[in-house]
Amino acid sequence: MTIQADQETIIVEAFINGQNVKSLSQEAKENPTNPTEIVGYFPVTTKEQAVEAIEAAAGAFKTWKQTPIDERIMMMRKAIEKIRTAENEIVHLLSREHGKPLYDAHGEIYVSLMWMEFACNEAKSALQEEIKEHENGKTILSYDPIGVVAAISPWNYPIALSTIKIAPALLAGNTIVLKPSPYAPLAAAKVAEIIASEFPAGVINVVHGDADVGVELTSNPLVTKIAFTGGTATAKHIIKAASETIKDMTLELGGNDAAIFLESFDVHDERAMRRIVISNFLTAGQICMIAKRVYVHRSIYDEFVEKYIEAANRWIRIGDPFDSNTTVGPVNNLKQKNYVLGLVEDAQKRGAKVIPLGQILDQKLFEQGYYLQPTLVLGCDVHDPIVVEEQFGPTVPILPFDDEEQVIHLHNESIYGLTSSVWGKEEDAISVARQLEAGTTMINTAAVQGLDVRFPFGGVKQSGIGREYGVEGIRTYTEKHVINVPKTLDLPYIPE
Ligand code: NAD
């Protein structure tokens, strides 16, 4: 499969039962760098087409679940190779439709492939049935596929957050209907089609649209598992939609991840300073696990802020995603830009000081696209919206704290608990980390720099249910089926 790169207009269609399916209407995807340029068109999938896709997946499941695991792995490995071959074109398309710089788009493919490889390497042992002989007979524990998976992904990492679902779901013997986000539908759809070209018809289906199609996917009785990544508010609708038919679900949701700098942190460590800046502004801050609030021990606060600004001004270069000097591109869409801007303006009205960071490489482009200059926000109250809400954009508040008990409280009072990070002497940092309510806590690094696909990833509280990545990220697409063969068939306490 070839993907036209550069300035060509990309057209994607729904992909159902191994076929591209025409739609009556299409939506345009604009380029966030230059919103008057249309990158491509994606279809408005109708409810009837969504049902068709679900039925195709249900039909394919009957035979796919019987396919030997070695064959499934072999197909996935071929798909991985095809993605690798098409990497440059995919990366170009992703940058154009999303706005993330080329290096960042390559990073997304890098993480996607690393995970797909891991899933292929681990699938056989993760899904191997376990047979236990014990004093009461024999028990077989098998990892059976669940059925039809509705995979719904967000716009910030559209490929990684689609492949994180597709690879384990298929390896475990399920079939899938994927719905990418209308804010970044093109590259994800292309990658899904590349994968689909290695699998039997109906095993992967792709539909497009927003909530209307999402509601069908999350309420249709033939769908038995939902794998959703997106906002917490959307997840609440999904839980309601799925409640009629009690579906299995993995929910990877929003976060308000804190980075905590202890007294023992060395503010002169330039590499660490660079790491925290990247943890705040990679992908223009539009990552679920970006550090969204920074707490610094008061004894090092002033010097920390000074060194932070220096490090940020060195690393942040705002420009054209295709310019290799650019580290921060535009925000993906106008709605998100306005939301982040609103939070910063609100903080300013409440008396906070807003410090612009980095260098704008091309002022004309900056004014034309959905750009926001990254900002540091100082002097906020701990409960200001910019501190307690997920900004999901290029701004970060830095606040002082006085003791560990206080900062642990501030961390844990959030409704979220996705990731967090603690910076300082390792043993002090681990001791604080153990007291934090989060799915992952990183020491002396944060965000994707501390991500390890070999271990489970997910949130606590309103940041989600279940885990992706790791062996658990494969088994989450299975039903644990126990077959018991007891030696003693008559229970002693039941009367004759
Ligand atoms: P979103 O919730 O608006 O949309 C996510 C997906 O859900 C999209 O495909 C959208 O079309 C679909 N959708 C919308 N309404 C729906 C409905 N009623 N039923 C079913 N599907 C529906 O999220 P977004 O703006 O695309 O992404 C940003 C959010 O995602 C942030 O909160 C971010 O933290 C979160 N996120 C979480 C993780 C994680 O791993 N925890 C990773 C990335 C992003």
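Since the structure is predicted, the reported quantities are computational estimates derived from the model, not experimental observations. (Residues numbered from 1 in each chain as written. Predicted model: local features only at pLDDT ≥ 70, side-chain atom pairs only at ≥ 80, totals over all residues. Heavy atoms only, no water.)

Quick notes on the packing of helix 4 (residues 102-127) against helix 5 (residues 160-171)
Closest axis-to-axis distance for the helix 4/helix 5 pair is 9 Å, and the angle between their directions is 15°. One element, helix 4, and the other, helix 5, form an angle in the roughly parallel class. Handedness of the crossing formed by helix 4 with helix 5: right-handed. Every residue of helix 5 that contacts helix 4 at Glu-108, Ser-112, Trp-115, Met-116, Ala-119, Cys-120, Ala-123 and Leu-127 is listed here: Ala-160, Thr-163, Ile-164, Ala-167, Pro-168 and Leu-171. Here the contact of helix 4 with helix 5 is composed, by residue class, of 11 nonpolar, 2 polar and 1 charged. (Axes fitted to C-alpha atoms, helices over the stretch in contact; angles between N-to-C directions. Helix = DSSP H or I, 4+ residues; strand = E, 2+ residues; numbered from the N terminus. Parallel < 35°, antiparallel > 145°, perpendicular 65-115°, else oblique. Left-handed = near helix turned anticlockwise from the far one by under 90°. Contact = heavy atoms within 4.5 Å. Nonpolar A, V, L, I, M, F, W, Y, C, P; charged D, E, K, R; others polar.)

With respect to the sheet that holds strand 23 (residues 478-486)
An order of 6-7-23 is seen for the 3 strands of this open sheet, with the pairing classed as antiparallel. Lying at the two open borders of the sheet, with one neighbouring strand each, are strand 6 (130-134) and strand 23. Mean inter-strand twist for the sheet, computed between neighbouring axes without regard to direction, equals 15°. Examined bridge by bridge, strand 7 (residues 137-145) and strand 23 share 9 bridges and lie antiparallel to one another. Across the sheet, Gly-137 pairs through a bridge with Pro-486, a residue of strand 23. (Pairing = 2+ DSSP bridges.)

Let's talk about the domain arrangement of the protein
Domain assignment breaks the protein into domain 1 (4-253 + 459-482) and domain 2 (258-450). Of note, the centres of domain 1 and domain 2, computed from C-alpha atoms alone, are 30 Å apart. Residue-level contacts link 29 residues of domain 1 with 33 residues of domain 2. Carbon and sulfur atoms supply 58% of the area buried between domain 1 and domain 2, which totals about 2600 Å² over both sides. Of all residues in domain 1, Thr-33, Trp-155 and Lys-461 give up the largest surface area on contact with domain 2, accounting jointly for 22% of the area buried on that side. Between the two partners, domain 1 and domain 2, sit 1 salt bridge. In this structure, Glu-437 engages Lys-461 in a salt bridge whose closest nitrogen and oxygen atoms are separated by 2.7 Å. (Domains from an automatic or database assignment. Buried area = accessible area lost by both parts, 1.4 Å probe. Salt bridge = Lys/Arg side-chain N within 4 Å of Asp/Glu carboxyl O.)

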